[in-house]
Protein chains: 2
Amino acid sequence: MKKLINDTGTILAEGLAGFGRAHADLVSISQEPRFVTRRVGPTKGKVALISGGGSGHEPMHAGFVGLGMLDAACPGEVFTSPTPDQMLAAAEAVDGGAGTLFIVKNYAGDVMNFEMAAEMLDGESATILTNDDVAVESSTHSQGRRGVAATVIVEKIVGAAAERGDDLATLKALGERVNAASGTMGIALSSCTVPAAGRATFDLGPDEIEIGVGIHGEPGRRRDTMKSADALVAEMFAAIQKDIAPRGDVLLMVNGMGGTPLLELYLVYEAAAKLCAKEGLTIARSLVGNYCTSLEMQGCSITLTKLDAEMMALWDAPVRTAAMHWG
Amino acid sequence: MKKLINDTGTILAEGLAGFGRAHADLVSISQEPRFVTRRVGPTKGKVALISGGGSGHEPMHAGFVGLGMLDAACPGEVFTSPTPDQMLAAAEAVDGGAGTLFIVKNYAGDVMNFEMAAEMLDGESATILTNDDVAVESSTHSQGRRGVAATVIVEKIVGAAAERGDDLATLKALGERVNAASGTMGIALSSCTVPAAGRATFDLGPDEIEIGVGIHGEPGRRRDTMKSADALVAEMFAAIQKDIAPRGDVLLMVNGMGGTPLLELYLVYEAAAKLCAKEGLTIARSLVGNYCTSLEMQGCSITLTKLDAEMMALWDAPVRTAAMHWG
């Protein structure tokens, strides 16, 4: 295992310290318990948005803390759920008196621990569970579908709505609407290595790929041999299309798993865009890059979200985070 | 070779089409000859900034086309210099009547072709040659030092100065000042595969790394066995320090080679920040991420730039590009 680390036990502490230092204009870091908040304190009367999950998916979620998106993020160890005490401490740190909204990817450990945190929390809270991965029902770490790249889209859109002052119930309904309007499918060209494990999570032959892979290397629909980008994109696109039946305006996201060159991601985007045109879909918004990664895995996912006018306006609203910045 | 491509002959055409489509709000694409310009036409009276080089280093340079940075970028095939006709066509497309400034990384093919373009061009032009890589003197593709990640810093700072109306000679002097104030050193934990070659550019054993690697996989100072992040950062830092003798305010950039998780890049940043503190340097500005990549290579580079007040103000000035956006 070759990784830029000092000790498998201190990766998160050191990486998070670096993140906090590099983005001290945007965020503050707590190491004990571990969470990231906006640099400026809670906004009175604003619902606090908190997400979290295992590390190794950077920039998700710490990279999305800031104006117009999350109030806090709780990173667990690599591919390991954060603990309820992290979530509780984060919730208390960013409480604006209007309730707490947890955005949780559907993995058993995350769901359980965020539930415990919500129970322990004084004050109103609600949870949005993302489960956009159309590849498989239930998986290694999840009952039901896995939450993957569309979580980024949920966090952006709900974050903008929270910023304008929407209340807890409205935000929860909006987030669930965005999640339901989204479908994602991923492929892996290589495995990834969890530092504490020291060896690849799964094995792929020199010409083998995993179709429908999860973001922790969970099995997808099947193994296959390497194919052209057009063929792979067609299969991913068809799976999403069958699931969410997109029409009209869509957001097209091509997400890198961490180890795929950006040039290839744009090539995948172009292939997907051609399929959108063929199917009469209008790509109203786009996102291409490494947003919801799986350490150094090579591969990508495609996400389609059916957009309405409100979602588009919220997508365009200003955002000031380490990994997303516009408007 | 597993890559998300259709044909090694069409990667650039398809990837660039996707880039243009995904960022149609920012850029326009020409395929024949191949170049990227800002979506809005040339600004009358503004010096036009043009860069370019082999592809495979994305987001460099096309990702830096937009307000406050480049006017145009000319991508060659992967790890292959663009041709003079691309540069000439780009220069004509973005000419604002105040001259053309070429920002060129010091590789023989790039230097030769940009020189030819400058000779063919009607109107005044100047060239900034970047050569920030402190690892080795001369290399596989370069006489003298290689131009690497500090090129991004040069493009940002000179781009901001061009936006405020600085003239050609002033911009050239500024860019050369930033380049001279910068030192970079990189390491590779893995090789990368040029699609047209179909096999790894170089071979590294399971525990072997290349210290001082170039961004095309050129040899560095030596092969070594894998070490802790702290030890590797200390060696890179010392090499830069010996070269540029930093003092006072610095910009600290940790650049991913394409296949290294962001968490590790922040860990490297933290290690470098501790060395800065020890040496009495103030990290006035930071940049962490994949900016000057080598396809899917695992590894990173560290860049230090000695900053003065003018450079800091120009660094902070608004920038609106696909890969850099703030202010």
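All residue numbers here refer to positions counted from 1 along the written sequence of the relevant chain. Chains carry letters from A onward and ligands carry numbers from 1 onward, assigned in written order. Thresholds applied to this predicted model are a pLDDT of at least 70 for local features of residues and 80 or more for the giving and counting of side-chain atom pairs; totals over whole chains, interfaces and linings are not thresholded and use all residues. Side-chain figures throughout are based on the complete set of non-hydrogen atoms in the structure, without hydrogens or water.

K.L.:
Any chance you could explain the overall build of chain A here in plain terms?
P.N.:
Strands here mean DSSP runs of E at least two residues long; helices mean DSSP runs of H or I at least four residues long; both are numbered from the N terminus. Helix and strand content of chain A: eight helices and 14 strands. The principal-axis extent of the C-alpha atoms belonging to chain A is close to 50 × 50 × 35 Å. A buried classification covers 64% of the 327 residues belonging to chain A. Counting only contacts in chain A whose residues sit at least 6 apart along the sequence, the fraction spanning at least 24 positions is 72%. Note on areas: Shrake-Rupley, 1.4 Å probe, and residue coverage restricted to the protein chains presented here. For chain A, the accessible surface area stands at approximately 10,800 Å², while carbon and sulfur atoms represent 52% of it. Relative accessible area decides the class of each residue, using a 1.4 Å probe on protein chains only: under 20% of the type maximum gives buried, over 50% gives exposed, and in between gives partly exposed. Working rule for contacts: check all heavy atoms of both residues, and any pair within 4.5 Å makes them a contact.

K.L.:
Got a minute to help me understand the relation of the copies chain B and chain A in this structure?
P.N.:
A rotation about an axis combined with a shift along that same axis relates the two copies of the chain. Superposing chain B onto chain A takes a rotation of 180° combined with a translation of 0.0 Å along the rotation axis, leaving an RMSD of 0.0 Å. Those values place the two copies in the arrangement expected of a two-fold rotation axis. Minimal C-alpha distance to the rotation axis in chain B is attained by Gly259 of chain B, lying at 2.0 Å. A symmetric contact is evident, with 100% of the interface residues of chain B recurring at the interface of chain A. The superposition of copies rests on a least-squares fit of C-alpha positions from residues with pLDDT of 70 or more in both.

K.L.:
Even after reading the chapter, I still don't get the domain arrangement of chain A, so can you show me in this structure?
P.N.:
Accessible area lost when the parts come together is the quantity often used to give the size of an interface. All names here are of chain A. Split by domain assignment, chain A resolves into domain 1 (11-180) and domain 2 (182-316). The start and end points of each domain follow an automatic or database-based domain assignment. Relative to domain 2, the C-alpha centre of domain 1 lies at a distance of 22 Å. Taking both sides of the interface into account, the surface hidden between domain 1 and domain 2 amounts to around 3,000 Å²; carbon and sulfur atoms contribute 63%. One side-chain nitrogen of Lys or Arg within 4 Å of one carboxyl oxygen of Asp or Glu is enough to make a salt bridge. Joining domain 1 to domain 2, the criterion identifies four salt bridges. As a salt-bridge pair, Glu310 and Arg164 come within 2.6 Å of each other at their nearest N and O atoms. Polar contacts, as used here, are pairs of N or O atoms within 3.5 Å; protein pairs need one atom able to donate a hydrogen and one able to accept it. Residues neighboring in sequence count only if both atoms are side-chain atoms. In this structure, the connection of domain 1 to domain 2 is made through 21 residue pairs in polar contact (both at pLDDT 80 or more). Elements that contribute at least two residues to the side of domain 1 that touches domain 2 include exactly α4 (150-163) and α5 (168-180). Here the side of domain 1 that touches domain 2 takes seven residues from α4, the largest share from any one element. The term buried area means the drop in 1.4 Å probe accessible area that two parts suffer when joined, counted for both and summed.

K.L.:
Help me out: how do you make sense of the packing of α4 of chain A against α5 of chain A in this one?
P.N.:
Residues and elements named next belong to chain A. Interaxial distance between α4 and α5 falls to 9 Å at its minimum, and their mutual angle equals 155°. Considering their axes alone, α4 and α5 lie roughly antiparallel with respect to each other. Crossing of α4 over α5 shows right-handed handedness. Counted together, Ile153, Val154, Ile157, Val158, Ala161 and Ala162 of α4 and Leu171, Leu174, Gly175, Val178 and Asn179 of α5 form the full contact between these two elements. Each residue is assigned to one of three groups, with Ala, Val, Leu, Ile, Met, Phe, Trp, Tyr, Cys and Pro labelled nonpolar, Asp, Glu, Lys and Arg labelled charged, and all others, Gly among them, labelled polar. Tallied by class, residues from the contact of α4 with α5 come to nine nonpolar, two polar and no charged. Helix axes are fitted to C-alpha atoms over the stretch in contact, other axes to C-alpha atoms as well, and angles between N-to-C directions run from 0 to 180 degrees. These descriptions rest on fixed angle ranges, namely under 35 degrees for roughly parallel, over 145 for roughly antiparallel, 65 to 115 for roughly perpendicular, and the rest for oblique. By convention, the crossing between two helices is left-handed when the near helix turns anticlockwise from the far helix through less than a right angle, and right-handed when the turn is clockwise.

K.L.:
Which parts of the structure should I look at to understand the interface of chain B and chain A?
P.N.:
In this assembly, 56 residues from chain B lie in contact with 56 residues from chain A. When the two sides are added together, the surface that chain B and chain A hide from each other amounts to roughly 4,600 Å², 64% of it contributed by carbon and sulfur. Linking chain B to chain A there are four salt bridges. The salt bridge partner of Glu264 of chain B is Lys3 of chain A, with a shortest N-O separation of 3.8 Å.

K.L.:
Sorry, what's going on with helix α5 (residues 168-180) of chain B here?
P.N.:
Because the α-helix completes a turn every 3.6 residues, residues three or four places apart line up on one side. Residue and element names in this part refer to chain B. Here the expected length of a helix is defined as 1.5 Å per residue gap, with one fewer gap than residues. A rise of 1.5 Å per residue sets the reference length of α5, with its 13 residues, at 18 Å; its end C-alpha atoms lie 18 Å apart and thus fit the reference within 8%. Listed as buried for α5 are Leu168, Leu171, Leu174, Gly175, Val178 and Asn179. Projected down its long axis, α5 carries its buried residues within an arc of 135°, all on one side. Of the residues in α5, the exposed ones pointing more than 90 degrees away from the buried face are Ala169 and Ala180. What the arc describes is the spread of directions from the helix axis to the C-beta atoms.

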